[in-house]
Amino acid sequence: MERNNLKGNAEAVDFCDLRKAPERTELGLRQQVEMDFKIMLDPENVDNKAGLKHPNDETRLPLIAKKISAPVCSQKTGKDPTGTSPWALPAFHSLGSPFPLVEQDTPRGALSLSGQRLILPAAQRALPAPPAVPRAAPFPEFPRQHKKSARGEISGRLDPENTDTITFPKAKEAIYGTHSSSKGNIAPLPSSNSMVSARKSKPEWRCPAQQLESEVPIPPQTQPPQTAQPFQDPCLDWDSAVHQKAPGVLALQHLHHSSCGSIVGFLEPTEKLLKDPSVPSATINSQKLAQITSGLDFKENPTKSDVLSVMKNQSGVGRSPARAGRPRRGRGGGAGRQRGAPSPMPGSGQQQQWAAGVISASWRSRNLLARLRSALRGARRRHLENFHSRAKHLAANWNRIRTSRRTIIHIPSLGYSQHTREHIPDLAVQQNVQMGRLCDILDANVDVIYICPLALSEEFLQYYHKLLGLQAAVRSGNPEDMADLQDRFKILTPEAINSFPEHHMCLASVLKYSPRTLQRLQLLLQGRDAYVVGGVPHLDDLAVADQLQVPLLGPEPAVAQLYSTKSGSKRIFASAGVPTPPGEWDIHSREQLLRALSQLVLDNLEVQRWLFKVDDGRAGDGTAFCDVTSHLECYPWIQRERQEHGAEVWSESQARQISYHCLQHLPRLVLILSCNCLRKPLQNSSCRRELALVKISQELPGLLAQHVQPVNEKRFPTWEKFLQTFLTQGGVIEAFPSSGSVTNLTVDLLIEPTGELTLLSSGDQLHAEGPLRSSGTTIPQRSVDPELLKALCLKIGEACKSKGVLGYFSVDFVAFTHPQTREQQVWATDLDLCYSDQLALSQLLVYLTDGNLDCGSSILQAPLAAQESKSQGVQHEGTKPPVPSSPWCAVVSSQLRHSSLSGISYNLLLHTCKARGIGFDLQAKQGTVFVLYEDQKRHSLGMITIGEDLQGVLLTFARNLFIIHQEISAPNMQGETNFKMAIRDIEAILGVTAENKLRLEEEQPWEADALKE
């Protein structure tokens, strides 16, 4: 039997296979198919052929030649359907093409099979003659539609004058084409029906060469060449990058298929450049583009100069971005219009559309902000209402809650104003200095949840687990009795602590935006009595408390912000009727400052130093001082006039106020007052005071500019910079005591929800960084009579309660000896409506000694250890002795800084201190305990030294600082620290203590002996 192959030749058919076909089993067929696939995949492998059952059954495959990229045929397709020109151009979407082959791009017919390599080019197959001869047909011109693309993409077209260039028009031109109307540049938009029908119609895929020839028709030689407009479908949805199906891009990629990836990567910056509305259409030279992309690294981004080098219109494209930032002006703004550019029509639709878009966008933004502000005001109003209702519930049930099982949530947040928080160095560390709040677990009915503003390591947490576990060991005096109290307290860190690094947000705000931490808190608080103890009140404290549905033990944020300022504290003190330094508050202008200071200096000539405090100042940062009388040139003359008229007459006479505009004519005013005073030199003391007031006002501006010293010189290097902040935020002028012995002290109080006032802690301040900055305290205070101090605190507490203050607050006093009367005077100077650092350290002090701090008598009593009480019981056998106790004192500091601490781990530091004798004795309840804040930077820490004698405790504290400084510092690298200044301050205190002790021994020897015992 014979059969014809593809070439038409006859071949003999072997009937052996037909006879053996029925004998094959299903398994044999499967094995044969598998073997055939192996042979098809690798026909030249001899092992595959050896696996055949019959040598004659060899599968014959055509010879697979190496792929050779054929050049693009530039000839026109002939009329003969059997010609070889269609087969000479390989299809672009081949198996090795870097672009994916999608279904709509796959053509039908024999040509598509050859393009997909499904029919090999070597196979000669006759094609039937087409019924019609194809030829190029002219395309109609479509009017330009002024409608922007939804994505702003571009497509490429071939330059009709030069086939080596590709023109990239603007987004609108690429989609809608170009057309000029006789009535203007605006054409009516197409109807919705035509747009839908055009969007539904899909263009038929054709070979790139055919597509180019159809879009750019080549005229016959008998006719003159004509320029044809390229066809652009006005409703096609283009890709987000350069249009890969555009005819110019396809032809360029086909001509240089080996570097098509680099070409596409090179065209992306061109697309970004053309998105600028001021850039005209760009014409790219394909030859230059191919040369540059062939030598360009695939991962290397082309520069702007590279992009401009391949463009034929470099001058137009290169100059346009420089003008892109200039705003376009309408009528009357011809200065911004390009030379030669058509002036915009007065009522053109493009301008109206642009203006309408700007107005609508602004209106939507304004409405959105208005809705957000309204929602925020509503939320804050709701938080405030819930705060007041829960505060009433807490006050009604406080007696039950304070004695029952409860949970205290401590949030040590510094809710100062944004301007103040921005100038607090290491805000997160400063919010974590009150780790002593954990010691509230001293009450067996209290569980503590502490919100920490820092991420703590396991070593850091283990330190506090051991420290808080010392309670049982302290009571028994046996270190082996340490208890595990991890179930009594939780330390939680909000997950948003690193989400707002540049916003300087307080801890309450960070917790507000930490939903996982809030959810965990809600689970921990289910079915339990709980309340929140915050820090400096903030609006977000109310939001957190409302989210947790628990009351807040503290004042309303608006009340706290009003009376926590320097001027607000003066109002509280005036309402309480307690003595305060001479001064003025609520100063907001230069005129008011000069007038008030002149009057204060004249009324208080014995005061040498005057303080200027910014209302929102914190820890002395917003404070400056000036020794006015030391630099006042008219001060000797004023002193003589005062002695001449007498101090009583001088103080009783009232000088008239000098307005600020009168200061501009001071020489004339001084002359008039001098003439009036010469007429009645003895009787008219008021005239003399007026003259003195004018002279002081004349000297003050220059004096202040030269001699004022801000406490924080880094923030306020000059007086003008400090004065700007002082007048912007407001401030006070306050006298500093003119005495050689000045002591500052702090008292912590609590106004309970029921209105009961309790004194919690008191201490004399230490000043390691100057006399106006507190770095620690000695607890309890011993500089003021306890009864007098308690009376002043009760008055201030009642005044605060009448203003709506609730919760924890602290009051600062200054005690000094009057230079004339030699009597002690106490002034109230400052008020902080928040939980203080001293109170947190006092809680830790009471926890470690298992004692009791009685502020009414200024005594810290602690029971003796078990072994000492047993020995005393043997000596007094037969009698019932009282509970053994002894007075204690402590030096605490929360602001010890040393830059060299970061070079040593806490574990090594504790071992070094233990080797040098720095530690805590559980049996004697004396020694030193460190308070750690964080374990990342490690440049600050707190320290508590406990003992029986104040002088001995101060010596031990100074010795500890000296040893730590020696251990962590090199001789040539001392580091930045306040250890040395703290040691000097303690040495000054010890000198005064020794002098007072010697004087006491001379005047009252029996009391001195009692103190020694």
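Residues numbered from 1 in each chain as written. Predicted model: local features only at pLDDT ≥ 70, side-chain atom pairs only at ≥ 80, totals over all residues. Heavy atoms only, no water.

Asks: Before we move on, could you go through the pairing of strand β6 (residues 406-410) and cite the residues and values that matter?
Replies: By the criterion of burial, β6 is predominantly enclosed, with five of the five residues buried. Side chains R406, I408 and H410 of β6 all project onto a buried face; the interleaved residues T407 and I409 project onto the opposite face, where all are buried too. Pairing of β6 with strand β7 (residues 446-451) involves five bridges; the strand directions are parallel. Within the sheet, the bridge partner assigned to I408 lies in β7 and is V448. Bridge count between β6 and strand β9 (residues 529-533): five bridges; the pairing is parallel. Within β9, the position partnered with I409 by the bridge is V532. (Buried < 20%, exposed > 50% of the residue type's maximum accessible area, 1.4 Å probe, protein only. Helix = DSSP H or I, 4+ residues; strand = E, 2+ residues; numbered from the N terminus. Pairing = 2+ DSSP bridges.)

Asks: Just give me the short version of the pattern of salt bridges, but keep the residues and values in it.
Replies: Per the stated rule, a full pass over the model turns up 25 salt bridges. E769 is the partner of R897 in a salt bridge, and the nearest nitrogen-oxygen pair spans 2.9 Å. Here E769 lies in the loop between β16 (757-766) and β17 (776-779) and R897 lies in strand β22 (residues 885-897), a separation of 128 residues in the sequence. Judged by its relative accessible area of 24%, E769 falls in the partly exposed class. Here the residues in one salt-bridge network are R405, D447, R488 and R528, joined through shared partners. (Salt bridge = Lys/Arg side-chain N within 4 Å of Asp/Glu carboxyl O.)

Asks: Can you break down the sheet that holds strand β12 (residues 623-627) residue by residue, with the values?
Replies: The strand order across the open sheet formed by five strands is β10-β14-β11-β12-β13, and the pairing between neighbours is antiparallel. This sheet does not close on itself; its edge strands, each paired only once, are β10 (583-587) and β13 (709-710). Sheet topology note: the β10/strand β14 (residues 731-735) ladder contains three bridges and is antiparallel. Across the sheet, residue I587 finds its bridge partner in β14, namely G731. Across the face of the sheet, helix α25 (residues 590-603) comes into contact with β10, β11 (609-614) and β14 while running at roughly 170° to β10. (Contact = heavy atoms within 4.5 Å. Axes fitted to C-alpha atoms, helices over the stretch in contact; angles between N-to-C directions.)

Asks: Before we move on, can you summarise the sheet that holds β6 with the specific residues and values?
Replies: Working definition: the strands of a sheet are paired by backbone hydrogen bonds and lie parallel or antiparallel to each other. Spatially, β8-β7-β6-β9 is the arrangement adopted by the four strands of the open sheet, whose pairing is parallel. Edge positions in the sheet fall to β8 (489-492) and β9, since each has one partner strand and no second. Neighbour-to-neighbour, the strand axes of this sheet turn through a mean angle of 15°, independent of strand direction. Its contacts with the sheet place helix α21 (residues 515-524) against β7 and β8, and it is angled at close to 170° to β8.

Asks: So what's going on with the packing of α21 against helix α22 (residues 539-548)? Which residues, and what values?
Replies: Where α21 contacts α22, the two axes come as close as 10 Å, and the packing angle between them is 50°. In terms of their interaxial angle, α21 and α22 are classed as oblique. Seen from above, α21 lies across α22 with right-handed handedness. Residue-level inspection shows L518, L521 and Q522 of α21 in contact with α22, the latter providing V544, Q547 and L548. Of the residues in the contact of α21 with α22, the class split is four nonpolar, two polar and no charged. (Parallel < 35°, antiparallel > 145°, perpendicular 65-115°, else oblique. Left-handed = near helix turned anticlockwise from the far one by under 90°. Nonpolar A, V, L, I, M, F, W, Y, C, P; charged D, E, K, R; others polar.)

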